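# A structural walkthrough
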Amino acid sequence: MTEPAPHELQLTAERMRQLGHQVVDLVVDHLTGQRYRPVHRRVEPEEVDHLLTETVPEDPSDPGGLVDFLAAEVLPRSLRLGHPGCFAFIPSANNFLGVLGDLLASGFNVSPGAWFVGAGPAAIEQVTARWLAELLGLPAGSGGVFTPGGTVANLTAVAAARHDRLGDDATDAVLYCSDQTHPAVLRACHVLGLGDSVRLLRGADHRLDPARVRREVESDRRAGRRPFLVLANAGTTNTGSVDPLPELARLCHEHGLWLHVDGAHGAAAAMTTRGRAALAGLAQADSVVVDPHKWLFQPYEIGCLLVRDPATLRRAFALGRFRARAGYLDLTRPSPDEVNLSDHGVQLTTSARALKLWLSFKGFGVTAFRAAIDHGLDLAEHAAALVEHSDELDLLAGPSLGIVCFRHRPRSAADGPDLDARQHHIAEAVNGGGRFLIATTTVHGRRALRLCTINPRTTAADVDRLVTDVLAAGRALG
Ligand SMILES: *Cc1c(COP(=O)(O)O)cnc(C)c1O
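Residues numbered from 1 in each chain as written. Predicted model: local features only at pLDDT ≥ 70, side-chain atom pairs only at ≥ 80, totals over all residues. Heavy atoms only, no water.

## Some points on the packing of aromatic side chains
Enumeration according to the criterion identifies five aromatic pairs in this entry. Both rings, one in Phe87 and one in Phe436, keep their centres 6.2 Å apart while their planes meet at 40°; by these two values the pair is tilted. Highlighted residues: Phe87 in the loop between helix H3 (63-74) and helix H4 (96-108) and Phe436 in the loop between helix H15 (417-432) and strand S10 (439-443), separated in sequence by 349 residues. On the basis of relative accessible area, Phe87 is assigned to the buried category, the value being 0%. Phe436 gets classed as buried once you look at its relative accessible area, which sits at 2%. Between Phe297 and Phe369 the ring centres are 6.2 Å apart and the planes differ by 40°, which places this aromatic pair in the tilted class. In this pair, Phe297 sits in the loop between helix H11 (292-295) and strand S7 (303-307) while Phe369 sits in helix H14 (residues 366-389), placing the two residues 72 residues apart along the sequence. (Phe/Tyr/Trp six-rings, centres within 6.5 Å; stacked < 30°, edge-to-face > 60°. Helix = DSSP H or I, 4+ residues; strand = E, 2+ residues; numbered from the N terminus. Buried < 20%, exposed > 50% of the residue type's maximum accessible area, 1.4 Å probe, protein only.)

As structure tokens, this is what we get:
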């Protein structure tokens, strides 16, 4: 092949293959070597500034050298979220088949938004969403749409609920959720113009109290306001708590409210027997969000909104409702048996993000995913058992859907700022070692150490070592 001209922005086939191999080797080294590197180290802004600040690169450089630069200097300056010692946030242990799915999606650059444009990827999206709905136990006929993540999936759900229950006029709208609701979800409500509509309710044990919600709904109705949505949590990010879904479903049914369940972290657990029991009532929701880039081990970005009645999405979002002078889109008008997925959400052009989930479900088999999720539930139970066996540790929340919160408390210590500061110092000491990363959080007003144990490559021995480190750090504080 002759050398492509610069304006073609193209490499020779041979060079593309070489670079592809180089990148794949780097990714494989990363995926297999994380355990042997530090989970995290702090990056000073000056340090990256020094590395990256330069003038606009008018002239070409060797791409192989640039790839090596990114792999050596840029990508390692990140938290290793898939490191078996990462217990902070929601770890994301991605899988190589998922990575290949993303490579295919971006290499072929297909978009499933319109049937005319990406029929094959759109069909994969529909099939994969139906699998997910079935795996979570949602009723037949459920469907959904993939999104960049849980934030946009929740935003899409709230907008669909608003349209379904209130039409285009959201005057005096009210929605109910607990104070444990994820801030990104509250921000989504704000973006939708519903910031003042949110009733943020505090419940015992981090769960919504259905009797309290009922009283609020009735009093809002009496005052002439328009309740339309209960936004429940199925696995809060803080403690993994689950709102009482069956009672909330009954309440919503009686009052004509939409029940939405944010299961961005927790819903995937419904694929297992234990998780299904913890998430009883999930199937009665009008909509459920699950984030495959969390507990389904996919690379970022992929979230998913599942709805009992996909027609509700079409009615809320069909582009035809908004078509101004867009004759250029006529080619993409679907025939009655074709689906334009962009009519089911808020994005037009999207990447074919379901390819990675399809490829990893098929390639590993869903039984392996169930086992991986079960392993995460086992590790949380194991951590909680270690905490309960120690007379220096108090269990504060969980284990619930892979999350455990506890604290170190010397026998004589009482609640208060000193005990709270102790947790902070312990987390700092443990994290400073580079083997583990744990977070602190607040549980019932008390500072806690928080573990999220969903990485399938984390072992019970890792959890043992972590608890040993916590105890050692606690004792070192006296
Ligand atoms: C992570 C998370 C979100 C936000 O999802 P993103 O994928 O980060 O956009 C929302 N709700 C819950 C419960 C989460 O855990």
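## Regarding the environment of Val430
Locating Val430 in the fold gives a position in helix H15. Separated by 101 residues in sequence, Val430 and Leu329 have C-alpha atoms that sit 56 Å apart. Aside from chain neighbours lying at most four places away, what touches Val430 is Phe436, Ile438, Leu466, Asp469, Val470 and Ala473. (Contact = heavy atoms within 4.5 Å.)

## Overview of the site of the ligand
Taken together, the neighbourhood of the ligand is formed by 13 residues, with Gly150, Thr151, Asp262, Asp291 and Lys294 sitting nearest. Within the side chain of Thr237, an N or O atom sits 2.9 Å from an oxygen atom of the ligand. The protein chains hide 86% of the 380 Å² of surface that the ligand would expose on its own. For the shell around the ligand, the secondary structure elements donating two or more residues are helix H6 (150-166) and H11. When the residues that make up the shell around the ligand are grouped by side-chain class, the tally is two nonpolar, eight polar and three charged. (Near = heavy atom within 4 Å. Polar contact = N/O pair within 3.5 Å; in protein donor to acceptor, adjacent residues only side chain to side chain. Areas by Shrake-Rupley, 256 points an atom, 1.4 Å probe, with all protein chains shown as cover. Nonpolar A, V, L, I, M, F, W, Y, C, P; charged D, E, K, R; others polar.)

## Structural notes on the nonpolar core
The biggest cluster of nonpolar side chains holds 62 residues, and the ones touching the most others in it are Leu136 and Leu282. Contact partners of Leu136, with chain neighbours within four places excluded, come to Ala267, Ala268, Ala270, Met271, Arg276, Leu282, Val288, Val290 and Leu306. Membership of the second largest hydrophobic core comes to 28 residues, among which are Ala173, Val185, Leu313 and Ala316. (Core = buried A, V, L, I, M, F, W, Y, C linked by side-chain atoms within 4.5 Å.)

## Some points on the domain arrangement of the chain
Assigned domains within the chain: domain 1 (14-81), domain 2 (110-354) and domain 3 (367-476). Each partner contributes to the interface: domain 1 provides six residues, whereas domain 3 provides eight residues. Of the roughly 460 Å² buried where domain 1 meets domain 3, counting both sides, 47% is carbon and sulfur surface. Applying the counting criterion to the domain 1 and domain 3 interface returns one salt bridge. Here domain 1 and domain 3 share three residue pairs in polar contact (both at pLDDT 80 or more) between them. Looking at side-chain class alone, the side of domain 1 that touches domain 3 contains three nonpolar, one polar and two charged residues. (Domains from an automatic or database assignment. Buried area = accessible area lost by both parts, 1.4 Å probe. Salt bridge = Lys/Arg side-chain N within 4 Å of Asp/Glu carboxyl O.)

## Points about the side chain of Thr441
Summarising the element assignment, Thr441 is placed in strand S10. A distance of 2.4 Å separates the side chain of Thr441 from the side chain of Asn238, its partner in a polar contact. Sequence-distant contacts of Thr441, that is, excluding residues within four places in its chain, are made with Asn238, Cys405, Arg446, Arg447, Ala448 and Arg450.

## Description of the sheet that holds strand S8 (residues 393-400)
Strands sit in the order S8-S9-S11-S10 across an open sheet of four strands; the sheet is antiparallel. In this open sheet, the two edge strands, each paired with only one partner strand, are S8 and S10. The sheet shows a mean angle of 35° between the axes of neighbouring strands, direction not considered. Against the sheet, H14 touches S8, strand S9 (403-408) and strand S11 (446-452), its axis set at about 160° to S8. Where helix H16 (residues 460-476) meets the sheet, it contacts S8, S9 and S11, and its direction lies at approximately 25° from that of S9. (Pairing = 2+ DSSP bridges. Axes fitted to C-alpha atoms, helices over the stretch in contact; angles between N-to-C directions.)

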